[in-house]
Amino acid sequence: MSTMSTTATREIQYRQAINEAIRQEMTRDETVIIMGEEIAGGAGREDQGIVDAWGGPFRTTVGLIQEFGNQRVLDTPLSEAAFVGAAIGAASTGMRTIAELMFVDFVGVCMDQLLNNAAKMRYMFGGQVKVPFTLLTRIGAGFGSAAQHSESYYSIFSHIPGLKGVVPSDPYTAKGLLTAAIRDDDPVVYFEHKGLYGNTGPVPEEPYELPLGKARTVREGTDITLVGISRMTWVCTAAAEELAKEGINAEVVDLLSISPIDYDHVIDSVRRTHRLVVVDEDTPICSMASEICAAVAQEAFDYLDAPPSRVTAPHTPVPYSRPLENLYVPNEARVIKTVQNLFARG
Amino acid sequence: MDLNRETLLRLYTTMSTIRNFEERGIPETGQRAMSASVHSSAGQEAVPTGICAHLTDDDYIGSTHRGHGHCIAKGVDPKTMMAELFGRSTGNNKGKGGSMHIADMSKGMLGTNGVVAASVPLAVGAGLTSKLKNLGRVAVAFFGDGGANQGVLHESMNLASVWKLPVIFCCENNGYAESTPVEYALSTANVSDRAAGYDMPGINVDGMDVFAVYDAAGQAVARARAGEGPSLLECRTYRFYGHTVFDNPLSYRTKEEEDHWRARDPLKLFREAVLPLGEITQEELDQIDQEAAQLMEDAIKFADESPLPNQEEIYDDVYVSYPTELLKRGTNMEI
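Residues numbered from 1 in each chain as written. Chains lettered and ligands numbered in written order. Predicted model: local features only at pLDDT ≥ 70, side-chain atom pairs only at ≥ 80, totals over all residues.

S.K.: Whenever I open this one, the nonpolar core confuses me. Can you help?
M.R.: Most often, soluble globular proteins have nonpolar side chains that are buried together. Formed by 188 residues in total, the largest nonpolar core has its most connected members in Leu226(A), Ala123(B), Ala141(B) and Val213(B). Per element, the largest residue contribution to this core is 10 residues, and it comes from helix α8 (residues 210-225) of chain B. Here this core spans two domains, since at least three of its residues come from each of domain 1 (9-204) and domain 2 (216-344) of chain A. For Val213(B), the contacting residues outside a window of four places in its chain are Ala46(B), Val47(B), Gly50(B), Ile51(B), Val205(B), Gly207(B) and Cys235(B). Ranked by size, the runner-up nonpolar core spans 12 residues in total, among them Ala313(A), Met100(B), Tyr315(B) and Leu327(B). (Core = buried A, V, L, I, M, F, W, Y, C linked by C-beta atoms within 7 Å. Buried ≥ 20, exposed ≤ 12 C-beta atoms within 10 Å, placed from the backbone. Helix = DSSP H or I, 4+ residues; strand = E, 2+ residues; numbered from the N terminus. Domains from an automatic or database assignment. Contact = placed C-beta atoms within 7 Å.)

Encoded structure:
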């Protein structure tokens, strides 16, 4: 599925895989630029020996400014509407741009640029422009950061025609999907999960692309399909290990893209397992989970032995207090219980 | 300075309470709630203190992510604030919001806010309420030098000016938007220079000097109360710590710079200005500091002894009215 060759592979972190993809694409293509808040940090103080003070709020962009300079690695004022819009404008006029939105919750500030410009320009202009623009942003609850820094709003973006979106779940997919997103000629929203940055995994040193819009199976099984999105993929695999002890052999599909959605991959799996649970950290209404369940109900109805089911966050903002936040995020226990209930109905 | 003794003691008490809250509450929160999203305003005490001294509980303020000082200056109880930081059900927001969302509508405190400059239009709206209902109240919109570059601030200043609303736009310019120096991010020398574009007074004061803030705020509040419209008040200040507890500010600023501003600690400047006048003694100020420190021990004890929210409370207050069943339908939530 990838274009990787026989290059050296080593273990690196999710955050390092992101960094490497950006670095390699900026090396390969001099029209690639990146902008955002604190992506280097301490901006404008080179004469004091201050360069790259932060290397990004989560250190995903560390080292870029030393390598590519402050004309291609652009720290911005706290002006998301302006710099996200400018990244879209630059992308439509000959640059290949990456903008970083610190948390997806902040998209409210710049949503118009994504909704009404990035997503629609090509269509409205009759195909005259391409918008090779990647928005890097962050999702994920569980860090005591309350409702304006913790949401997982990827479903909103999948609802908007004209935008693509990816949800990498490990270092390998982080690099391959980001490389593909940057090279893609359409606007792509790239969702990093805060809970995955320190995770390590094998990643080829050479650049490689994983195709946008393709899911992957991370655990093969015969009895039920668990679809995971971003970090929820690993909640699914942990649940699958427990379920195996009860004799339930779960297949786990890692969705990887929220637009385009790889319906065929999920449906092919469900046709073999006859059951489906989608595990989604986003809120439930008009969600990825509901979309996938609807597609399976519509296209694989005759194969189903149980209702397509969802394990999601509740229809509430993310609460601050730890006991409530722990309840909010889907966990293994909830997935296991849901699967057990589906089997208990016979 | 022609302030009476009572006002002087009140200003110092507010600053000392804020300082003690930050110095004690933030490390304790780190241990209890394991939250990274707590921002110390230590060093910036003179700004909310000097401004809110002109306000009553009926007036409004909108605040920022670095908002503990705004809350305390507006009269919010440090005990319930501490409980909120600890995620307890006795917190101002019942543990739902934490440091970045502390609100107390009974004190006109419209919330600290996790999105930069997002509370600014809320304060403008509160000013609109006051004008339409003829309440005689004013609203203060606090924002930082980072917030100065948000579009919503500019739209809000224009709107408040067009509608002649009783709003004070207060920029706490502490020199840094996270790690980004203000001179890199700001097109003008001062945030207050931008007032001209919105046809309102732009005032720039030393934000470490509570008396300078108090005097300037007095004029802006009086203008607002008189129905003459909004003002922009920029206070140059400094945060003594990093953006959050995880930030090492020496990665983007120098020790010399920190020492310069530490030497201009607003509590220290207060003592240097007031004690030579002989009306207030060092012992009195020391006593205020001790009482503020004890208040924090009491607040921590109160918060520690308070219950965490019940799990069912996750569904409370999403709406005024909505079927709870629909908040979890189809989600396979545990409760």
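Still to come is the rest of the account.
S.K.: What is the right way to look at the sheet that holds strand β9 (residues 216-219) of chain A in this model?
M.R.: Residue and element names in this part refer to chain A. As summarised here, the arrangement of the 5 strands in space is β9-β11-β10-β13-β14, forming an open sheet in which the pairing is mixed. If you trace the sheet from one side to the other, it starts and ends with β9 and β14 (309-312), each paired once. The average angle at which neighbouring strand axes cross in this sheet is 25°, direction not considered. The strands touched by helix α12 (residues 332-344) are β10 (224-228), β11 (250-254), β13 (276-280) and β14; relative to β14, the strand with the most contacts, the crossing angle is about 165°. (Pairing = 2+ DSSP bridges. Axes fitted to C-alpha atoms, helices over the stretch in contact; angles between N-to-C directions.)

S.K.: Looking at this structure, how should I read the interface of chain A and chain B?
M.R.: On the side of chain B, 45 residues touch chain A, which itself brings 42 residues to the contact. Only α3 (80-91), β14, α11 (322-328) and α12 of chain A provide two or more residues apiece to the side of chain A that touches chain B. The element that contributes the greatest number of residues to the side of chain A that touches chain B is α11(A), accounting for 5 residues. Of the residues that constitute the side of chain A that touches chain B, the class distribution is 21 nonpolar, 14 polar and 7 charged. (Nonpolar A, V, L, I, M, F, W, Y, C, P; charged D, E, K, R; others polar.)

S.K.: Help me out: how do you make sense of the packing of helix α4 (residues 78-85) of chain B against helix α11 (residues 282-305) of chain B in this one?
M.R.: For any two helices packed against each other, the geometry is given by the interaxial angle and the distance between the axes. Residues and elements named next belong to chain B. Close contact between α4 and α11 brings their axes to 8 Å; oriented N to C, the two are set at 45°. Classed by the angle they form, the pair α4 and α11 counts as oblique. The handedness of the crossing between α4 and α11 is right-handed. On the side of α4, the interface is formed by Pro78, Lys79, Met82 and Ala83, while α11 contributes Leu295, Met296, Asp298, Ala299, Ile300, Phe302 and Ala303. (Parallel < 35°, antiparallel > 145°, perpendicular 65-115°, else oblique. Left-handed = near helix turned anticlockwise from the far one by under 90°.)

S.K.: Is there a simple way to think about the sheet that holds strand β6 (residues 164-166) of chain A in this case?
M.R.: The strands making up a sheet associate through backbone hydrogen bonding, with each pair oriented either parallel or antiparallel. All names here are of chain A. Strand order in the open sheet formed by 7 strands is β3-β2-β4-β5-β7-β6-β12, and the pairing between neighbours is mixed. Every other strand in the sheet has two partners, leaving β3 (73-75) and β12 (257-259) as the edge strands with one partner each. For this sheet, the mean angle separating the axes of adjacent strands, direction not counted, is 20°. For β6 and β12, the ladder comprises 2 bridges, and the chain directions are antiparallel. Residue pairing for β12: Val166 is matched across the bridge by Ser257.

S.K.: Just checking my understanding: could you explain the domain arrangement of chain A for this structure?
M.R.: All names here are of chain A. Segmentation of chain A into domains returns domain 1 (9-204) and domain 2 (216-344). Of the residues lining the interface, 29 residues belong to domain 1; the matching set on domain 2 comes to 24 residues. Across the side of domain 1 that touches domain 2, the residue classes tally to 14 nonpolar, 13 polar and 2 charged.

S.K.: What exactly am I supposed to notice about the pairing of strand β6 (residues 202-206) of chain B here?
M.R.: Remark: a regular strand shows side chains that alternate across the two faces of the sheet. Residue and element names in this part refer to chain B. Across the 5 residues of β6, 4 count as buried, placing the element largely inside the fold. Judged from the 5 bridges that link them, β6 and strand β7 (residues 231-236) form a sheet pairing that is parallel. When the sheet's bridge partners are listed, Asp206 is paired in β7 with Arg236. Each parallel crossover has a hand, and for β6 linked through α8 to β7 it is right-handed. (Right-handed = clockwise from strand over helix to strand, strands pointing away.)

S.K.: Even after reading the chapter, I still don't get the environment of Lys107(B), so can you show me in this structure?
M.R.: Residue and element names in this part refer to chain B. By the element assignment, Lys107 lies in the loop between α4 and α5 (120-132). Judged by the 21 C-beta atoms lying within 10 Å of it, Lys107 is buried. C-alpha of Lys107 to C-alpha of Asp77: the two residues are 30 residues apart in sequence and 9.7 Å apart in space. If sequence neighbours within four positions are ignored, Lys107 has contacts with Asp57, Lys74, Gly75 and Val76.

S.K.: Is there a simple way to explain α11(B) in this structure?
M.R.: Quick reminder: α-helices carry 3.6 residues per turn. Residues three or four places apart thus point the same way. Residues and elements named next belong to chain B. Taking 1.5 Å as the rise per residue, α11 with 24 residues should run 34 Å; its terminal C-alpha atoms sit 35 Å apart, in good agreement. Along α11, the positions that sit buried rather than exposed are Leu285, Ile288, Ala292, Leu295, Met296, Ala299, Ile300 and Ala303. On its buried face, α11 is in contact with α1 (5-33), α4 and α10 (266-274). (Expected span 1.5 Å × (residues − 1).)

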